[in-house]
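Residues per chain are reported as follows:
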Amino acid sequence: MTVCATASPQSAAWQSVLDRHTDLFSDTAQGASVALLPRFVRGADGRQRSTVMPVSDGVPMLLWLREPGAMYARDAEFRGLKGLVSDLLLIAGDGTLDAALRHEHPFGELKRQLRSGQMLFMVMRTRDELRERGWSDFIESLGLPFLGTCR
Amino acid sequence: MSQRPGERKLAHLFKPARLGRYTAPNSIKYGACCVSNYNTRDGYITPRELARTRVIAGTGCGLITNQGAYPDAKGEGKSYFRQIALFDDKFLPQFETIAGYIHDAGAIAIQQILHAGRYGGIDLGYCVQPSVVPQTLPHFRPPREMSKDDIRCCVAEHVDAARRAIRAGFDGVEVTSFMGYLLASFNSKFTNQRSDEYGGSVENRGRFMRELIDGIKQALPEHPLVVRLNGAELMDQWGGNSEDECFELMKQAADAGVDMISVTVGWQEAPESSIGRDVAPGHWNHLAARAKRTCPNIPIAFGNRLPGPVMANDCLARGEFDFWEVCRPLLADPELVHKAAEDRLDEVRRCIGSLNCLSRLFRDLPYTCTMNPTLGHEIEPEYAIRPAAVKKNIMVIGAGPAGMEYAITAARRGHTVTVYEKGDRIGGSLLGYAARDLARPDDLQSVIRHYEVMSKKLGIEMKFNTEANAKFMRSVLHRYDACVVAAGARIDLQAYAHIEGHERLVDALEVAAGRLTPGRRVVVIGGGKIGLVVAESLSKDGAQVTIVESDKRIGGDVMPTFKWRHTTWVEELGIRVLTSSRLARITADGAVVVDAKGVETTIAADTVIAAAPRKSNQELLTDFEWMVDELHGCGDALMPRGMDAAIHEGYRLGARV
């Protein structure tokens, strides 16, 4: 996982969203992060493929990274699940992140997208680690059961 | 053999049915729907479990599946905190006892082998899967990919466990290829991203399951093998199997030689509901019917969200499946099958789909049931209904769940019971809330109907429209040996006495009961279960509703498996929610609330409803102290909680006093 120095328009837009919701991240530990990854990318051959499958080339992704004082939106590169050091992973269907950004309540829209299956949520750490790293509020705010549930 | 009246009415349900070389006395399969968590941390079956299993054996089901045992010594297959194990002969004695209980009851005994795969490794720092696909629920362990050697070893462990089950006296075994467990994770495109012969096409993905079926059938050709398979994963939108692929996998299992397919619905992590009471009974029956059409020569068992024997009998009559697979309704009422056979279905305690059983499992607690206070306590004599040593004349104050549960339990023990209720019917505050339940009002109302039926059958005298107070108590002085105060709880409006405009507040219970009709713009103070139910029902009826909650999140007192339902309903209905906020004052225009930062917001409202805090109606316990020999309290009258505690406390007190 490589974090880019420059900020894309999308990460700048998410930065303003994160700034409006500091309470959700107030307990997160330094270095804690959420990776936001497109569900599909087009390869050099023009064919669409899933990013969750083993990837060889870097795929652009968005990172919400806890740094001193606040949560920052950063552009980064995804090089496969094994190299991902984020705590949480959100895999976004086509256009879903932009749709969330356009929405009056972006996190509410993310929650709806998760429920409708347009976005997939994955955890990259154990429950105890996530709790220690301060993610309980954020996970619950997305309507995801922090503890397991059978529906 | 003479037939009982219900057996004639439900002839298809009580018809003998074949499984391999065995014939079950009826077409009802007790499904291993839940692991009890009653056992030791290292997999031994406890006396508590044996006592529970004795009750299961006596349910009257023709085919009984014992709960899933993990087959490997490492515990990679172990998914629940106190799950039973079958990887060594040292576990055999208790399995022998259970097989004996089942046979003594005249049923066929099946042992489930449960390797949880993606949901396993509960005591380890990892779980095993076909590929490294991260978890979607934090509860589960990080994944490790299985090698081909691991797969071979796992097949051998399943075969060993199956052999062991047969040696213990079981007639057959069941393997778990559903719900996201190990075999299901190989079957599914979502979790299987392998590029070897175990991944890729549906044929390849089903290879592990077929090899495992083949291994067990080769080792135990004379003994029936059941496989549980998803008719729908409900994971297709995340890249999981389509329904067509699920049925293709059923065909593979059938061709591999299984003797029965048990059809189920959903994965544990599926975003969609499958077994809660928000799903209509019969909703998934079409999946069983399709399984029967797909595999016409193999018995099909089915029971997901099919809680009633009448509907099951109809499905059997239409040939939609061959065995009604039932579990949760038998947790709620272990006598269900006997009551059906005796044409006493009106006495059944229905499973209300609150999923208390599952909520507790995911907190590593033993399962219990809202409707059945004895579940898990079968070994304790204190929970048994025994004739009272001294028959007493008992008065009960309040006809809600706590009071009625106490009344019917005490009456069953031989006491003479009179219930005094200030309302005009049984139900207490549940009456109002049940009618407003967005999931399925009929399920909650069935609790009230049960008490209505049983109070009549047990000869409990009901005195309605009677408010119990000290004056009333003086009028019945010396008439009763004991008094049970089960007067419930109220919204504590006094808690708002210091707030400007507090006289405008209305009580959520009055609104729920329909005694007060709010305006079109409503503010509900309190986002717990009472506030949510009232807010949702008003919003559904067209009101513009805002919930104000002092906590960081709504639904703090809601059963975990229902919390997400409430948050979904709140969003779908467009209910505005202000958390970390409290009521500051009420004006003619509405409510003024203040958030944690001290920022005030004015919400235009015609009605401001208080749904919190609650306060116990326990004053009678003080008022009656010198008026009756024995005085007891139970349910919300002691501490405001909910129906679960009310029913359980009512029962425990009834079994004791």
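Refer to the preceding data block for the structure.
This report concerns the structure included in the present document.

Cut-offs used in this document
- Residues numbered from 1 in each chain as written.
- Chains lettered and ligands numbered in written order.
- Predicted model: local features only at pLDDT ≥ 70, side-chain atom pairs only at ≥ 80, totals over all residues.
- Heavy atoms only, no water.
- Helix = DSSP H or I, 4+ residues; strand = E, 2+ residues; numbered from the N terminus.
- Buried < 20%, exposed > 50% of the residue type's maximum accessible area, 1.4 Å probe, protein only.
- Contact = heavy atoms within 4.5 Å.
- Salt bridge = Lys/Arg side-chain N within 4 Å of Asp/Glu carboxyl O.
- Disulfide = S-S within 2.5 Å.
- Axes fitted to C-alpha atoms, helices over the stretch in contact; angles between N-to-C directions.
- Parallel < 35°, antiparallel > 145°, perpendicular 65-115°, else oblique.
- Left-handed = near helix turned anticlockwise from the far one by under 90°.
- Nonpolar A, V, L, I, M, F, W, Y, C, P; charged D, E, K, R; others polar.
- Pairing = 2+ DSSP bridges.
- Core = buried A, V, L, I, M, F, W, Y, C linked by side-chain atoms within 4.5 Å.
- Domains from an automatic or database assignment.
- Expected span 1.5 Å × (residues − 1).

Some remarks on the overall build of chain B
Along its length, chain B carries 22 helices and 28 strands. Overall, chain B is about 75 × 60 × 45 Å in size when its C-alpha atoms are taken along their principal axes. Scored against the burial criterion, the 657 residues of chain B give a buried share of 62%. Across chain B, every contact between residues at least 6 apart in sequence was considered, and the portion connecting residues at least 24 apart equals 71%.

Some details on the pattern of salt bridges
Residue and element names in this part refer to chain B. Counted under the stated rule, the structure contains 57 salt bridges over all chains. Here Arg 210 and Glu 203 are joined by a salt bridge, their closest N and O atoms 3.5 Å apart. As a salt-bridge pair, Arg 349 and Glu 405 come within 2.6 Å of each other at their nearest N and O atoms. Of this pair, Arg 349 sits in the loop between α12 (336-341) and α13 (356-361) while Glu 405 sits in helix α14 (residues 401-412), and the two are 56 residues apart along the sequence. The buried category is assigned to Glu 405, whose relative accessible area is 1%. Each of Arg 4, Glu 7, Glu 342, Arg 344, Asp 346, Glu 347 and Lys 457 takes part in salt bridges that share partners, so that together they form one network.

As for the interface of chain A and chain B
The accessible area lost on association of the parts is a frequent measure of interface size. Each side of the interface is counted separately: chain A has 31 residues, and chain B has 35 residues. Between Asp 137 of chain A and Lys 552 of chain B there is a salt bridge, and its shortest N-O distance comes to 2.7 Å. Residue assignment for the side of chain A that touches chain B shows that the elements contributing at least two residues are α3 (106-116), β8 (119-123), α4 (127-132) and α5 (136-141) of chain A. Of all the elements, β8 of chain A adds the most residues to the side of chain A that touches chain B, at five residues.

Quick notes on the state of the cysteines
Residue and element names in this part refer to chain B. This model, assessed by the stated rule, comprises one disulfide over all chains. Put simply, Cys 33 and Cys 327 are joined by a disulfide, and their sulfur atoms are 2.0 Å apart. A torsion of -45° about the S-S bond marks the disulfide between Cys 33 and Cys 327 as left-handed. With Cys 33 in the loop between β3 (28-30) and α2 (47-57) and Cys 327 in the loop between β13 (323-326) and α11 (328-332), this pair connects stretches of sequence that are 294 residues apart. A relative accessible area of 23% means that Cys 33 is categorised as partly exposed. You can see Cys 34 has no disulfide; the closest cysteine sulfur is in Cys 33, sitting 4.4 Å from it. Of all cysteine sulfurs in the structure, the one in Cys 327 sits closest to Cys 61, which takes part in no disulfide; the separation is 9.3 Å.

Some words on the packing of helix α8 (residues 243-256) of chain B against helix α9 (residues 285-294) of chain B
Residues and elements named next belong to chain B. Contact pair α8 / α9: the axes reach a minimum separation of 10 Å and the direction vectors enclose 45°. Judged by the inter-axis angle, α8 sits oblique to α9. Every pair of crossing elements has a handedness; the one defined by α8 and α9 is right-handed. Between α8 and α9, the residues in contact are Glu 243, Asp 244, Phe 247, Met 250 and Lys 251 and His 286, Leu 287, Arg 290, Ala 291 and Thr 294, respectively. Here the contact of α8 with α9 is built from residues that sort into four nonpolar, two polar and four charged.

Considerations on the sheet that holds strand β7 (residues 88-92) of chain A
Paired through their backbone hydrogen bonds, the strands of a sheet run either parallel or antiparallel. Residue and element names in this part refer to chain A. In spatial order, the strands read β1-β6-β5-β2-β7-β8; together these six strands make up an open sheet with mixed pairing. The open sheet terminates on both sides in strands that have one partner only, identified here as β1 (2-3) and β8. Pairing of strand β2 (residues 33-38) with strand β5 (residues 59-67), which is carried by four bridges, proceeds in the antiparallel orientation. If you follow Ser 33 over to β5, its bridge partner there is Leu 65. Strand contacts of helix α1 (residues 9-20): β5 and β6 (70-78), with the helix running at about 150° to β6, the strand carrying the most contacts. Here α3 sits on the sheet in contact with β5, β7 and β8, set at roughly 90° to β8.

Let's talk about the pairing of strand β6 (residues 108-113) of chain B
The buried fraction of β6 of chain B amounts to six of the six residues, a majority that puts the element mostly inside the structure. Neither face of β6 of chain B is left uncovered, since the one carrying Ile 108, Ile 110 and Gln 112 of chain B and the one carrying Ala 109, Gln 111 and Ile 113 of chain B both have all their residues buried.

What to know about the environment of Ala 535 of chain B
Residue position: Ala 535 of chain B is located in helix α19 (residues 529-540). Look at Ala 535 of chain B and you get buried, because its relative accessible area is 0%.

Things to note about unusual backbone geometry
Excluding glycine, residues mostly carry a negative phi; peptide bonds, for their part, are mostly trans. Residues and elements named next belong to chain B. Residues Ala 612 and Pro 613 are joined by a peptide bond in cis, for which omega reads -5°. The backbone of Met 179 shows a phi angle near 65°, a positive value even though the residue is not glycine. You can see Met 179 is positioned in the loop between β9 (172-177) and α5 (182-187).

Regarding the nonpolar core
Residues and elements named next belong to chain B. With 169 residues, the main nonpolar core has Phe 208 and Ile 261 as its most contacted residues. Examining the composition of this core, we find that eight residues originate from one element, helix α4 (residues 148-167), more than from any other. Built from parts of two domains, this core gets at least three residues from each of domain 1 (33-306) and domain 2 (385-488 + 617-656). Here Phe 208 is in contact with Ile 151, Cys 154, Val 155, Leu 182, Leu 183, Phe 186 and Tyr 198, once residues within four sequence places are set aside. Counting residues in hydrophobic clusters, the runner-up holds 42 residues, among them Leu 505, Ala 508, Val 523 and Val 534.

Concerning α19 of chain B
All names here are of chain B. In this model, α19 (twelve residues) spans 16 Å end to end at C-alpha, consistent with the 16 Å of a helix rising 1.5 Å per residue. Taking burial as the measure, the twelve residues of α19 include ten buried ones, the bulk of the element. Turning to α19, its buried residues number three or more, namely Ile 530, Gly 531, Leu 532, Val 533, Val 534, Ala 535, Glu 536, Ser 537, Leu 538 and Ser 539. A positive backbone phi angle near 110° is found at Gly 542, which sits one or two residues after α19.

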